Amino acid sequence: MSRFADQTVLVTGGTGGQGASHVRALHAEGANVVIGDIDAEGGAGLAAELGAGALFVRLDVSQEESWSAAVAEAEKAFGALTILVNNAGVQNPPALIESTDRATWARILDINLTGTFLGIKAAAPALRRAGGGSIINIASTMGLGGTALYAPYVASKWAVRGLTRTAALELGRDNIRVNAIHPGVVATAFITEPAAGSDAPIADFYSPEPFAVPRLGQPADITALLLFLASPHAAFVTGAEYVIDGGLLLGPALQKEAA
Ligand SMILES: NC(=O)c1ccc[n+]([C@@H]2O[C@H](COP(=O)([O-])OP(=O)(O)OC[C@H]3O[C@@H](n4cnc5c(N)ncnc54)[C@H](O)[C@@H]3O)[C@@H](O)[C@H]2O)c1
């Protein structure tokens, strides 16, 4: 299939669990892929494995100059940029608000929120030059409620929602759609590895057993939705938010035999 044959996609956090899944699928469907990440070893390895039509750029999403360089490299290599996936994200070490230091708060907001803002800012002119395109922001089900011990992360993902809606309004007339995805708990290093400064991974707190779809999400689950939102099938979808969580936000699926 070559649904994305004439497209160039920049995926931030493109070497991570979900990012690499998006990169591989988009490349397999014909897109040129630009893998933006601070993980130079993983990024260079993935680009080499994919070969033609794949490029790694070292991109720290919290740095504005890093963004201008990445967008310029994408346009230089492939002639245009048409899709941006703001996927890079980090979690805070679990802590009560009163025990959260300002540096931790600032770091999480810098990457998850400011990184998304800088991405839209840097990519919008390129997408406009290309005649239009699609921006997909990866938020979280944690951006739809509260989660004790995760205030910086929760606040950052709530804010990405407002940014998504505002960007959709500002860019709609330029034929640029902007949408958000809210994954539930997905099996990546994000949940199996502790956040910097902590020794407790999210996997320690969470079991999918009570929920309607009693398993962890897989990166491929999220990729399937992302491909839809990036494609012309979603031509009338903008400013929208898609929950993909196996029923996590529905609450527990009580079973008769346990009653
Ligand atoms: N895994 C989950 O359960 C889950 C749930 C909801 C939302 N999310 C969100 O999904 C997105 C992808 O997460 P994942 O599960 O693939 O995690 P992951 O840890 O596997 O990947 C995150 C990637 O982001 C990169 N990154 C970190 N800081 C960066 C920076 N400053 N600049 C550029 N890249 C940077 C990392 O190097 C890594 O490749 C994140 O935004 C995360 O918040 C994850």
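Cut-offs used in this document
Residues numbered from 1 in each chain as written. Predicted model: local features only at pLDDT ≥ 70, side-chain atom pairs only at ≥ 80, totals over all residues. Helix = DSSP H or I, 4+ residues; strand = E, 2+ residues; numbered from the N terminus. Expected span 1.5 Å × (residues − 1). Buried ≥ 20, exposed ≤ 12 C-beta atoms within 10 Å, placed from the backbone. Pairing = 2+ DSSP bridges. Right-handed = clockwise from strand over helix to strand, strands pointing away. Axes fitted to C-alpha atoms, helices over the stretch in contact; angles between N-to-C directions. Parallel < 35°, antiparallel > 145°, perpendicular 65-115°, else oblique. Left-handed = near helix turned anticlockwise from the far one by under 90°. Contact = placed C-beta atoms within 7 Å. Nonpolar A, V, L, I, M, F, W, Y, C, P; charged D, E, K, R; others polar.

What follows is about helix α5 (residues 151–171). Given 3.6 residues to a turn, an α-helix orients residues that are three or four positions apart in the same direction. Relative to the 30 Å expected for 21 residues at 1.5 Å per residue, α5 spans 30 Å between its end C-alpha atoms, a close match to the ideal helical length. By the burial criterion, the buried members of α5 are Ala151, Pro152, Tyr153, Val154, Ala155, Ser156, Lys157, Val160, Leu163, Thr164, Ala167 and Leu171.

The next thing to look at is the pairing of strand β3 (residues 54–58). Successive side chains on a regular strand alternate, one facing one side of the sheet and the next facing the other. Within β3, four of the five residues are buried, which leaves it mostly tucked inside the rest of the structure. Relative to β3, strand β2 (residues 32–37) is paired through five bridges, and the arrangement is parallel. Bridge pairing in β3 links isoleucine 35 to phenylalanine 56. In this region the chain leaves β2, passes through helix α2 (residues 40–50) and returns to the parallel neighbour β3; the handedness of that crossover is right-handed.

Let's shift gears to the packing of helix α1 (residues 17–28) against helix α7 (residues 219–230). Packing of α1 against α7 brings their axes to within 9 Å, and their N-to-C directions diverge by 50 degrees. Between α1 and α7, the interaxial angle falls into the category oblique. Between α1 and α7 lies a crossing of right-handed hand. Contacts from Gly17, Gln18, Ser21, His22 and Ala25 of α1 reach α7 at Pro219, Ala220, Ile222, Thr223, Leu226 and Leu227. Across the contact of α1 with α7, the residue classes tally to six nonpolar, five polar and no charged.

Another aspect to go through is the pairing of strand β4 (residues 83–86). Burial of the side chains of β4 extends over both faces: Ile83 and Val85 are buried on one face and Leu84 and Asn86 on the other. Here strand β1 (residues 8–12) runs beside β4; their pairing, made up of three bridges, is parallel. Bridging from a neighbouring strand, leucine 10 pairs with leucine 84 of β4. Where β4 meets strand β5 (residues 133–138), four bridges bridge the pair, whose relative direction is parallel. In the sheet register, valine 85 faces β5, and the bridge partner there is isoleucine 136. A crossover links β4 with its parallel partner β5, the connecting element being helix α4 (residues 102–129), and its sense is right-handed.

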